[in-house]
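Given next are the chains, with one letter for each unit.
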Amino acid sequence: MKAKNEKWNACRAAFPYTFPILTGFIFLGIAYGIYMHSLGFSAIYPIIMSFTIFAGSMEFIAANLLLAPFNPVNALFLTLMVNARHLFYGISMLDTYKGTGKKKLYLIYGLCDESFSINCAVDIPKNVDRGWFMFFVTFLNHCYWFLGAAIGGICGSLVKFNTEGIEFVMTALFIVIFIEQWRKEKKHHSALAGLGLSAISLIIFGGNHFIIPAMLMILTILTFLKKPLEKAEVTA
Amino acid sequence: MTMSLMQQVITVAMVVLGTMLTRFLPFIVFPANKPTPKYVQYLGKVLPAAVIGLLIIYCFKDVSLLSGSHGIPELIGVAMVVLLHSWKREMLLSIAGGTIIYMILVQVVFK
C-alpha cells in the first residue's frame, strides 16, 4: 500500500507543474493532428507518431518527410540535426536521473523540451519520491501530447475555435523557468551565454540552421569560463 | 502519396531512431556506474541555464523582424510574462497572461 501511496503522492505533486503543458500540448497536439489530416493522412498516423517519436517539432517535419521521396538516410540525419539539443539535456540530467531504477529508461525516452525544462529546474518537495515525480512529469506530458494528436487526427475538421497563437504557452513556460533559474543562481554567465549566443546564431544562420552553431558557441564559452566559474563556486 | 506503407514505416522508424539516439547517447557514453569526467560534470551543472536560454530563442526561430508584424506581438508577450512573473510570481498566471495577450495580438491587432 505504501508504494501505491508514494506514486499517487508523486503524481499529485507533479500535475500542477505540468498544467501549462497540458494546455499547450493538447492544443498543439490537436494542431498537429489537424495538420496531418489536412495532408491526407488518416488519424492512425498522428496517433502512432505522437506516441513513438514524442518530439513535437520533429513530428511536423516527419509529416513532410512522409510526403517527400523515400530517403531514410536523409530522414535520420535531419532528425539528428534538429534534435541535437537533446544531447545537452542528457548531459544536464546525467546526475539528476541517477538512482531512478528502471524508470530511468522511460525518463530518457521521454526527455522532450518540456519534460527537461521542468525536471531540471524544479525543487521537488521533500516528502515526494524524486524518481516517481520526474516519471509523472514525463508521463503526463507524453499523455497530453498523445491525446491532443489523437483528438486532432480523429475530429480535426470539427475544431472551430481560433487557436492561433496558443503555441506561445510554451514560450511563456520557458521564460518563467528561465526567471526562476535566474533567481536561484549566483552567477548568470551561463544563462546569459545561452540566451545571447543563441540569439546571435539565429541572426547569423537563420531559423533552420542555428541550433548546432549555437550549441558549439555555448560549449566553447562555457569551456573557457570553467576555471573562473568554478573558482567563484568555491569561494561562494 | 508516393511512399509504400513499408517505406513510411521505415521513415518513421528513422525519425524515432534519430530522436532516441540524441536522448540516450549521453547516458550511454557516461554510464552511471562509472565516474563521469570532471569536465562533463561541470557541463552538467552549467548547461541547464544556457539550454533554457537556447529554448527561448528556439521559440522565436520563425519570427521575422523585417516583415509581417516585425516581432512586436512576441516582444509584448515576453514583456507581459516577465512583468507578471516579477510582480506576482505565480507560474500559471504569468503563462496564461502572456499567452492570452499574445493570442489577442496575433488574432485581432496584427492580422
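Note that this is a predicted model, so its numbers are computed, not measured.

Scoring rules and cut-offs
- Within each chain, residues carry numbers counting from 1 in the order of the written sequence.
- A letter from A marks each chain and a number from 1 marks each ligand, given out in the order of writing.
- Given that this is a predicted model, residues contribute local features only at a pLDDT of at least 70 and side-chain atom pairs are listed and counted only at 80 or more, while totals for whole chains, interfaces and linings are drawn from all residues.
- The helix count covers DSSP runs of H or I at least four residues long, the strand count covers runs of E at least two residues long, and both are numbered beginning at the N terminus.
- A radius of gyration in this sense is built from C-alpha atoms; the matching globule rule multiplies 2.2 Å by the number of residues raised to 0.38.
- What counts as a contact is two residues whose backbone-derived C-beta atoms lie within 7 Å of each other.
- Residues are grouped as follows: Ala, Val, Leu, Ile, Met, Phe, Trp, Tyr, Cys and Pro are nonpolar; Asp, Glu, Lys and Arg are charged; every other residue, Gly included, is polar.
- Three exposure classes are used, all based on how many other C-beta atoms lie within 10 Å of a residue's own C-beta (placed from the backbone): buried at 20 or more, exposed at 12 or fewer, and partly exposed between those limits.
- UniProt positions are given in the numbering used here, feature names are shortened, and annotations may be inferred rather than shown by experiment.

Let's talk about the overall build of chain B
Assigned secondary structure in chain B consists of four helices and zero strands. Each helix and strand of chain B, ordered N terminal to C terminal, gives the series α-α-α-α. Against the globule reference of 13 Å for 111 residues, chain B gives a C-alpha radius of gyration of 21 Å, more extended than a compact globule. A principal-axis box enclosing the C-alpha atoms of chain B has dimensions of 50 × 50 × 30 Å.

Here we look at the interface of chain A and chain B
Between chain A and chain B, the contact holds 72 residues from the first and 59 residues from the second. Ranked by residues supplied to the side of chain A that touches chain B, first place goes to helix α9 (residues 168-184) of chain A with 13 residues. Of the residues belonging to the side of chain A that touches chain B, the class tally is 48 nonpolar, 16 polar and eight charged.

A closer look at the environment of Ile48(A)
Residues and elements named next belong to chain A. Looking at the element boundaries, Ile 48 is found in helix α2 (residues 44-52). Take Ile 48: there are 16 C-beta atoms within 10 Å of it, and that puts it in the partly exposed class. Counting along the chain gives 101 residues from Ile 48 to Ala 149, while the straight-line C-alpha distance between them is 9.3 Å.

Structural notes on the UniProt feature "transmembrane region" (unreviewed entry) in chain B
Residues and elements named next belong to chain B. Using the residue numbers shown here, the UniProt feature "transmembrane region" (unreviewed entry) corresponds to residues 6-30, 42-60, 66-84 and 91-110. For residues 6-30, the end-to-end C-alpha separation is 35 Å, with 96% helix and 0% strand making up the annotated structure. This span, residues 91-110, is 95% helix and 0% strand, and a straight line between its end C-alpha atoms measures 27 Å.

What to know about unusual backbone geometry
Positive phi is not limited to glycine here, since His70(B) has a value of about 60 degrees. As for its placement among the helices and strands, His70(B) is situated in the loop between α2 (38-59) and α3 (72-87).

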